[in-house]
Amino acid sequence: MMHQGTHFLQIPGPSPVPADVLAATGRQVIDHRGPEFGELGSKLLRDIKKIFKTQHDVVIFPASGTGAWEAALANLFSPGDRIATFETGHFASLWSRMAIKLGLKPTTLGTNWRAGADPAVIEDALRQDRNHEIRAVCIVHNETSTGSTSRLADIRAAIDAANHPALFVVDTISGLASADLRMDEWGIDVVVSGSQKGLMLPPGLSFNAVGPKALEASKAGGMPRSYWDWSEMIAINKSGYFPYTPATNLLFGLSLVLDKLLDEGLEAVFARHERLAEATRRAVQAWGLENLCNSPIHYSPVLTTVMMPEGHSADAYRRIALEKFNMSLGSGLSKVADKVFRIGHLGNINELTLAGTLAGCEMSLDLAGVPHQRGGVDVAMKYLAETA
Ligand SMILES: *Cc1c(COP(=O)(O)O)cnc(C)c1O
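Residues numbered from 1 in each chain as written. Predicted model: local features only at pLDDT ≥ 70, side-chain atom pairs only at ≥ 80, totals over all residues. Heavy atoms only, no water.

Chemist: Looking at this model, I keep getting lost on the overall build of the chain. Mind explaining?
Modeler: Looking only at helices and strands, the chain features 13 helices and 14 strands. For a compact globule of 388 residues, the expected C-alpha radius of gyration is about 21 Å, and the chain comes in at 21 Å, within 12% of that figure. Summarising its shape, the C-alpha atoms of the chain cover approximately 60 × 55 × 35 Å along the three principal directions. Buried positions account for 56% of the 388 residues belonging to the chain. (Helix = DSSP H or I, 4+ residues; strand = E, 2+ residues; numbered from the N terminus. Rg over C-alpha atoms; globule rule 2.2 N^0.38 Å. Buried < 20%, exposed > 50% of the residue type's maximum accessible area, 1.4 Å probe, protein only.)

So this is what it looks like as structure tokens:
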């Protein structure tokens, strides 16, 4: 069916790209060895550090987030190395699966698809690892499949309390520039991220922010690697250039996105996300539906995952939202397929985008015959007006 007006891309990434950013990526390509590129590269390699709240190097790969995961594992570990994960959802489990494919030995310390990673469980496991075989604790910051955000400062404290030398490696592919992240303050050794979620860019860029302890580990070991190797990248980045052709046009977009985020101010960006997330949760509660995340300290500022009442298909519901209202909602992944839908409220979003999104959700509940109470949009609007 042909739709007029704007498609509402309300999945938790890729998220809609602002029109000026999209236009910036449509500029003519330039010589990536020329002087204009050197200036661009130097500027964005400097400014991107502020988004990670780090003084250390941020490596940019022309790849989706999964590529940056592989880069982190390949630079840090050798086959046979043990790493520890906490299964907060589908993405955390994919990370373990990748580790196995690369010959590592991941241990899942705990599983909870309804909350963030539990620091007490991590501390306990690290205390029991007396020979310090666990090389790293790998945590998904914002679990995009469930809508739970792990408390990284508490996990850092757990690692310290166990007095364990494990590296702290964090995937914030869907959290960056939406949920607060303080790489240096929280002692994170490697942060993995991507372009197409909170950063409001098209898919195709990903990041490794690399702390000194991680850099040491990569120099001493890691797997055979070439394309993903940090050392050559970091060396050439010093002058603003890349060892191979970068995704030049996405970098034009990144440069503008960094200006926009730093102009708004990161704390204001986080507050905007928290407020829109709270409005969404109030709507869900007013509908009489349940949030998959059942731990308020772990509620995600990025997305809200709604559980479908028994006997109702989340995918049939999402199909109605798409066909009738031209809105894409996120599907349930693996264990929760067809049982939940996900509302993305990240990136280039404001009150009215959210109100439209929630209106589309509420009308679709009606059309899909999902038992609910009306008035969720009203409750969200009331909250947004009160806090305006
Ligand atoms: C999106 C996402 C990924 C996968 O990233 P791709 O860009 O699709 O490769 C991994 N982890 C999390 C937490 C994500 O949100």
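Chemist: Whenever I open this one, the site of the ligand confuses me. Can you help?
Modeler: As a matter of local geometry, the ligand sits amid 13 residues, with Ser 64, Thr 66, Thr 144, Asp 171 and Lys 197 nearest to it. Between the ligand and Gly 65, the relevant distance is 2.8 Å, taken from an oxygen atom to a main-chain nitrogen or oxygen of the residue. Between the ligand and Asp 171 there is a distance of 2.7 Å, counted from a nitrogen atom to a side-chain nitrogen or oxygen. With the chains in place, 87% of the 380 Å² that the ligand exposes on its own is no longer accessible. Examining the composition of the shell around the ligand, we find that 3 residues originate from one element, helix α3 (residues 65-76), more than from any other. Its residues assigned to classes, the shell around the ligand comprises 4 nonpolar, 7 polar and 2 charged. (Near = heavy atom within 4 Å. Polar contact = N/O pair within 3.5 Å; in protein donor to acceptor, adjacent residues only side chain to side chain. Areas by Shrake-Rupley, 256 points an atom, 1.4 Å probe, with all protein chains shown as cover. Nonpolar A, V, L, I, M, F, W, Y, C, P; charged D, E, K, R; others polar.)

Chemist: What should I look at first to understand the domain arrangement of the chain in this one?
Modeler: The assigned domain composition of the chain is domain 1 (8-15 + 265-386) and domain 2 (19-263). In this structure, domain 1 and domain 2 have C-alpha centres spaced 27 Å apart. At the interface, 33 residues of domain 1 touch 37 residues of domain 2. In total, domain 1 and domain 2 occlude about 2700 Å² of area from one another, counting both sides; carbon and sulfur atoms represent 58% of this. If you sort the residues of domain 1 by the area they bury against domain 2, Leu 266, Phe 270 and His 298 come out on top, with a joint share of 22%. Linking domain 1 to domain 2 there are 2 salt bridges. Its salt-bridge partner being Glu 290, residue Arg 114 comes within 2.8 Å of it at the nearest N-O pair. Applying the counting criterion to the domain 1 and domain 2 interface returns 18 residue pairs in polar contact (both at pLDDT 80 or more). Contributing elements (two or more residues each) for the side of domain 1 that touches domain 2: α10 (266-287), β11 (290-291) and β12 (303-307). No other element matches the 5 residues that α10 contributes to the side of domain 1 that touches domain 2. (Domains from an automatic or database assignment. Contact = heavy atoms within 4.5 Å. Buried area = accessible area lost by both parts, 1.4 Å probe. Salt bridge = Lys/Arg side-chain N within 4 Å of Asp/Glu carboxyl O.)

Chemist: Sorry if this is basic, but what is going on with the nonpolar core here?
Modeler: When a protein is soluble and globular, its nonpolar side chains tend to lie buried together. Of all hydrophobic cores here, the largest spans 86 residues; its most connected members are Trp 230 and Leu 254. Per-domain counts for this core show at least three residues from each of domain 1 (8-15 + 265-386) and domain 2 (19-263). Grouped together as the second largest cluster of nonpolar side chains are 25 residues, Ala 279, Trp 287, Phe 341 and Val 377 included. (Core = buried A, V, L, I, M, F, W, Y, C linked by side-chain atoms within 4.5 Å.)

Chemist: What am I meant to see in the sheet that holds strand β9 (residues 190-194) here?
Modeler: Across a sheet, strands are paired by hydrogen bonds formed along the backbone, either parallel or antiparallel in direction. Taken together, 7 strands build an open sheet; the order of strands is β2-β10-β9-β8-β5-β3-β4 and the sheet is mixed. Edge strands, defined here as strands with exactly one partner in the open sheet, are β2 (57-61) and β4 (105-111). Going across the sheet, the axis of each strand differs from the next one's by a mean of 20 degrees, ignoring polarity. Of the strands in this sheet, β2, β3 (82-87), β5 (134-140), β8 (167-171), β9 and β10 (206-210) are in contact with α3, which crosses β9 at around 160 degrees. Strands in contact with helix α6 (residues 152-161) are β5 and β8; relative to β8, the strand with the most contacts, it is inclined by about 160 degrees. (Pairing = 2+ DSSP bridges. Axes fitted to C-alpha atoms, helices over the stretch in contact; angles between N-to-C directions.)

Chemist: Is there a simple way to explain the sheet that holds strand β14 (residues 340-344) in this structure?
Modeler: Read across the sheet, 5 strands follow the order β1-β13-β14-β12-β11 without closing on themselves; strand pairing throughout is mixed. With partners counted over all chains shown, the strands left at the sheet margins are β1 (8-10) and β11, one partner each. Pairing analysis gives 3 bridges linking β1 to strand β13 (residues 327-331), with the strands arranged parallel. By the bridge assignment, Phe 8 is partnered in β13 with Met 327. The strands touched by helix α11 (residues 314-325) within the sheet are β13 and β14, with β13 carrying the most contacts at an inclination of about 165 degrees.

Chemist: Help me understand α3 in this model?
Modeler: Along an α-helix, residues three or four positions apart point the same way, because every turn accommodates 3.6 residues. Here α3 is 12 residues long and its end C-alpha atoms lie 17 Å apart, about the 16 Å a rise of 1.5 Å per residue gives. Burial of α3 is extensive: 10 of the 12 residues sit out of reach of the surface. Within α3 the residues assigned to the buried category are Gly 65, Gly 67, Ala 68, Trp 69, Ala 71, Ala 72, Leu 73, Ala 74, Asn 75 and Leu 76. (Expected span 1.5 Å × (residues − 1).)

Chemist: What's the story with the packing of aromatic side chains in this structure? I'm lost.
Modeler: Note on aromatic pairs: each is described by the distance of the centres and the angle between the planes. Counting across every chain of the model gives 8 aromatic pairs. Considering the side-chain rings of Trp 69 and Trp 95, the 5.4 Å spacing of their centres and the 10 degrees angle between planes classify their relative orientation as stacked. Residue Trp 69 is found in helix α3, and its partner Trp 95 is found in helix α4 (residues 90-101); the two are separated by 26 residues along the sequence. Of the two residues, Trp 69 and Trp 95, both sit in the buried class. (Phe/Tyr/Trp six-rings, centres within 6.5 Å; stacked < 30°, edge-to-face > 60°.)

Chemist: Mind showing me how you'd approach the pairing of β8 here?
Modeler: Side-chain positions along a regular strand alternate between the two faces of the sheet. Burial within β8 is extensive, with 5 of its 5 residues counted as buried. Every second residue of β8 is oriented toward a common face, with Leu 167, Val 169 and Asp 171 on one face and Phe 168 and Val 170 on the other, all of them buried. Where β5 meets β8, 5 bridges bridge the pair, whose relative direction is parallel. Considered in β8, the bridge of Cys 138 is made with Val 169. Looking at chain direction, β8 and β9 are connected through 3 bridges and run parallel. For Asp 171, the partnering residue across the bridge sits in β9 and is Val 192.

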